[in-house]
Amino acid sequence: MAAGEAYYIPVGHQQTGEGLEPEIQLPLMQVIASLKPVLEDQKIKKYMHNAKYDMQVLARYGVNVRGLAFDTMVGAYVAEPGRRGFGLKDQAFQRLGVVMTPISDLIGRGSKMLSMAQVAVRTAANYAGADADMTLRLVEPIMADLRRHSLLDLYRNIELPLIPVLMQMEMHGVALDADFLRTFEARLAEQVQALEQAIYSAVGHEFNINSTRQLGDILFGELKLPAGKKTKTGYSVSADVIESLQGKHPVVDSLLEYRQLNKLKSTYVDGLLELMDQTTGRVYTSFNQTVASSGRLSSSNPNLQNIPVRTEVGRQIRRAFIADPSYILLTADYSQFELRILAHITHEPRLIEAFNNNEDIHTITASTLFSVPVEQVTKEQRRLAKTVVYAILYGQSAFGLSQVTGMSNREAADFINRYHETFPNIKQYVERTLAQAHQQGYVNTLFGRKRFIPDMRALSHSERQALDREAINMPIQGGNADLIKIAMLRIAHALREQRLKTRMILQVHDELVFEVPVEELERVRPLMKSLMEEVYPLDVPIKVELKQGRNWYEAEPME
DNA sequence: GCAGTCACG
DNA sequence: ACGTACGTGACTGCG
């Protein structure tokens, strides 16, 4: 096909539209049978836009697309991950100056939305033809961008082959324990209701607890409690502000508990039940490959990358994520991955030494932070230390640190100083990275993934600082993303080649979750561990922790 | 559709 | 004096 040329095969329209015989439409099965050999032929190259989606649709009709040579959505993302608008219409406008017809012109929007089957053949043909045509015409300019910025290897060797891997994960889905969720739902509903009543009686009247404005008026107006930080629209009623009011009014504790349990109920329990497929009992997330400017994946509908783990009651949600009968969930978690990448990039001797001696960095930091012996560090303290270390690394101020930890501004400043004295190369890395960002206009990861940093000359001080922090974060967060993506490719390859029934089902930034037939466990455990740990040799060892269980709660590693 | 809040790495 | 780690997505209220 050439630019400006496209073909449309009408199938499944409810009406063909004016002037067209019904015979213009072809039987679905006949069309599939004719196209299948072409679509499945490795030698016939395909250019697609958002291939993961179309390949999934075709897969449901038994067509396994081979020969994917270019995905214009993923290509545009790799070329400039910091920007938004990788949709076909956005790209056609940005790169070709073509204003495409939005789909809403054909099918409308909202509740009265039509399906494509209700659109006349000529209208659909023009629309679909434009999609195919623009996809073809976008390949060259995007390819040229990738080449110019030395991004072709990253694109060809990582992002493009990742598409079918993500597709398989999405299609396989995750099994849920619906009975558990419904029981949990009932218990939460009861507790939330009781807390509502407790809040109303503590305040003296009913109101909408979920309305930040009403809540703010009551706490800081009616009850005259001391207001904390402000937002654009009024006084903040976020958890840290309410926590600071503990002991000052009986409503505070109920309010905090209400917030936690209501969040759990609406987002997780109700949300998951809503999105569970009633026939398969599974949820099917989308792994978005073109959203995060650091190169990470994101997950939506439902988001399975933010399932609670930090509090015990929240963590219970993980009991709902189960393996099929005769299967086991296996999680493989990169331990302190970002810090190991940092150690590698910075060649920081103290960090490298600690990792080589197999010491637990966060526990050591926690023992310093809370002045307790290493053996007495609690889970909670370790978790806080972990937050603090990353916060400092990415430029948090003494003030910010004091807010999170509850220590004084002075103590926080001392802690940050001690941190930088202990790990002097980290400061050097920050300076080097900023210099590169300012001089070259971009920063990059070990595998050449780039994030462009705009010219800051016209920006305010705080805007510049924000960009600086993004620049410092990107090589670490993006490097992490590079490495786990490579591991995923090798794992997918190994599972296929060794004809294993094990399926990779989730990726949570530094963790992979597998559904493993019981009889494959002994084989798969060491296989996953070595593939992940040997993904790319760093200056420090890479450590992966495995855990298994009937559900995600039992299989949840330490961090 | 935005703002605020809160869940995760 | 100022504003105060990075990266995400979902839910709710409100105009």
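Bear in mind the structure is a predicted one, so any value in this text is a computation, not a measurement. (Residues numbered from 1 in each chain as written. Chains lettered and ligands numbered in written order. Predicted model: local features only at pLDDT ≥ 70, side-chain atom pairs only at ≥ 80, totals over all residues. Heavy atoms only, no water.)

1. Points about helix 16 (residues 379-393)
Then step 1. In this model helix 16 runs 21 Å from its N-terminal to its C-terminal C-alpha over 15 residues, within 8% of the 21 Å that 1.5 Å per residue would give.
Then step 2. Contacts made by the buried residues of helix 16 are with helix 13 (337-346), helix 15 (361-370), helix 17 (398-405), helix 18 (409-422), helix 19 (424-440) and helix 20 (461-497).
Then step 3. Positive backbone phi, at 95 degrees, marks Gly395, one or two positions downstream of helix 16. (Helix = DSSP H or I, 4+ residues; strand = E, 2+ residues; numbered from the N terminus. Expected span 1.5 Å × (residues − 1). Contact = heavy atoms within 4.5 Å.)

2. Examining the protein's contact with DNA strand C
Then step 1. Near DNA strand C, the surroundings consist of 31 residues, among which Ser211, Arg213, Ser298, Asn301 and Ser397 are the closest.
Then step 2. Sugar and phosphate atoms form 73% of the subset of DNA strand C atoms that lie within 4 Å of the protein.
Then step 3. In this structure, a base nitrogen belonging to DNA strand C sits 3.3 Å away from a side-chain N or O atom of Arg296.
Then step 4. The side chain of Arg469 places a nitrogen or oxygen atom 2.9 Å from a sugar or linking oxygen of DNA strand C. (Near = heavy atom within 4 Å. Polar contact = N/O pair within 3.5 Å; in protein donor to acceptor, adjacent residues only side chain to side chain.)

3. Section: the side chain of Ser367
Then step 1. Tracing the backbone shows Ser367 in helix 15.
Then step 2. Taking the relative accessible area as the measure of exposure, Ser367 reaches 15% and is therefore buried.
Then step 3. Beyond its immediate chain neighbours, meaning those up to four positions away, Ser367 contacts Val372, Pro373, Val374 and Val377. (Buried < 20%, exposed > 50% of the residue type's maximum accessible area, 1.4 Å probe, protein only.)

4. A word on the domain arrangement of chain A
Then step 1. Partitioning chain A into domains gives domain 1 (22-172), domain 2 (176-283), domain 3 (291-346 + 471-559) and domain 4 (347-470).
Then step 2. Computed over C-alpha atoms, the centres of domain 2 and domain 3 are 31 Å apart.
Then step 3. At the boundary of domain 2 and domain 3, one finds two salt bridges.
Then step 4. Ionic pairing is found between Arg282 and Asp324, a salt bridge with its closest N-O pair at 3.1 Å. (Domains from an automatic or database assignment. Salt bridge = Lys/Arg side-chain N within 4 Å of Asp/Glu carboxyl O.)

5. With respect to the protein's contact with DNA strand B
Then step 1. Near DNA strand B you find 22 residues, and of these Val237, Lys263, Val309, Arg310 and Asp510 are the closest.
Then step 2. Protein-adjacent atoms of DNA strand B, using a 4 Å cutoff, are sugar or phosphate at a proportion of 78%.
Then step 3. In this structure, Ser238 approaches DNA strand B through a main-chain N or O atom, which is 3.4 Å from a phosphate oxygen.
Then step 4. In this structure, a base nitrogen belonging to DNA strand B sits 3.2 Å away from a side-chain N or O atom of Gln477.
Then step 5. The element contributing the most residues to the surface near DNA strand B is helix 11 (residues 251-275), with three residues.
Then step 6. Classifying every residue of the surface near DNA strand B by side-chain character gives seven nonpolar, nine polar and six charged. (Nonpolar A, V, L, I, M, F, W, Y, C, P; charged D, E, K, R; others polar.)

6. What to know about the sheet that holds strand 4 (residues 282-283)
Then step 1. The strand order across the open sheet built from three strands is 4-3-7, with neighbouring strands paired in antiparallel fashion. Two strands close off the open sheet at either side, each with one partner strand: strand 4 and strand 7 (321-322). (Pairing = 2+ DSSP bridges.)

7. Some remarks on the nonpolar core
Then step 1. By size, the foremost hydrophobic cluster in this structure holds 160 residues, and its most contacted members are Leu146, Ile317, Phe321, Tyr334, Ile491 and Phe514.
Then step 2. In terms of residues, this core owes the most to one element, helix 20, which gives 15 residues.
Then step 3. Not counting residues up to four positions away in its chain, the partners in contact with Ile317 are Phe184, Leu264, Tyr268, Val269, Leu272 and Ile307.
Then step 4. Grouped together as the second largest cluster of nonpolar side chains are five residues, Ile107, Val119, Ala124 and Tyr127 included. (Core = buried A, V, L, I, M, F, W, Y, C linked by side-chain atoms within 4.5 Å.)

8. Considerations on unusual backbone geometry
Then step 1. Backbone torsion omega between Asn301 and Pro302 reads 0 degrees, so that peptide bond is classified as cis.
Then step 2. Here Pro302 is to be found in the loop between strand 6 (298-300) and helix 12 (312-315).
Then step 3. The backbone phi angle of Ser326 is positive, close to 70 degrees, even though this residue is not glycine.
Then step 4. The residue Ser326 is located in the loop between strand 7 and strand 8 (327-334) in this model.
Then step 5. A positive phi angle, near 50 degrees, is found at Arg499, a position not held by glycine.
Then step 6. Locating Arg499 in the fold gives a position in the loop between helix 20 and strand 11 (503-507).
Then step 7. With relative accessibility at 72%, the residue Arg499 sits in the exposed group.

9. Some thoughts on the pairing of strand 2 (residues 68-71)
Then step 1. Where strand 1 (residues 46-48) and strand 2 come together, three bridges link them in parallel fashion. If you follow Lys46 over to strand 2, its bridge partner there is Leu68.
Then step 2. The parallel pair strand 1 and strand 2 is bridged by helix 2 (residues 51-60), and the resulting crossover is right-handed. (Right-handed = clockwise from strand over helix to strand, strands pointing away.)

10. Quick look at the pairing of strand 8
Then step 1. In terms of residue burial, strand 8 counts as a mostly covered element, since seven of its eight residues are buried.
Then step 2. Alignment of strand 8 against strand 12 (residues 511-517), held across seven bridges, turns out to be antiparallel. In the sheet register, Leu330 faces strand 12, and the bridge partner there is Phe514.
Then step 3. Bridging between strand 8 and strand 13 (residues 544-549) involves six bridges; their strand directions are antiparallel. Residue pairing across strands places Leu329 opposite Gly549, the latter belonging to strand 13.

11. Notes on a nonpolar patch on the surface
Then step 1. There is a patch of nonpolar side chains on the surface, built from Leu28, Met29, Tyr53, Val57 and Tyr61 and spanning about 510 Å² of accessible area.
Then step 2. Looking at the nonpolar patch, the elements that each hand over two or more residues are helix 1 (28-39) and helix 2.
Then step 3. Structurally, Tyr61 can be placed in the loop between helix 2 and strand 2. (Patch = residues over 30% accessible without salt bridge, like charges linked within 9 Å, V, L, I, M, F, W, Y side chains within 5 Å. Areas by Shrake-Rupley, 256 points an atom, 1.4 Å probe, with all protein chains shown as cover.)

12. Focus: the packing of aromatic side chains
Then step 1. On inspection of all chains with the given rule, the structure shows twelve aromatic pairs.
Then step 2. Summarising the aromatic geometry, the rings of Tyr334 and Phe337 are spaced 3.9 Å apart at their centres and angled 10 degrees between planes, so their arrangement reads as stacked. Phe337 matches Tyr334 in its accessibility class, with the two residues each being buried.
Then step 3. Joined through ring pairs, the aromatic side chains of Tyr47, Phe70 and Tyr155 make up one cluster.
Then step 4. For Arg319, the ring lying beneath its charged end belongs to Tyr553, and the centroid distance is 3.8 Å. (Phe/Tyr/Trp six-rings, centres within 6.5 Å; stacked < 30°, edge-to-face > 60°. Lys NZ or Arg CZ within 6 Å of the ring centre and 35° of its normal.)

13. So, the pattern of salt bridges
Then step 1. Applying the stated rule across the entire model yields 26 salt bridges.
Then step 2. The salt bridge partner of Lys501 is Glu519, with a shortest N-O separation of 3.9 Å. Here Lys501 is found in the loop between helix 20 and strand 11, whereas its partner Glu519 is found in the loop between strand 12 and helix 21 (521-533), with 18 residues between them in sequence.
Then step 3. For Lys501, a relative accessible area of 46% gives the class partly exposed.
Then step 4. Beyond isolated ion pairs, a larger network of salt bridges with shared partners links Glu159, Arg449, Asp482 and Lys485.

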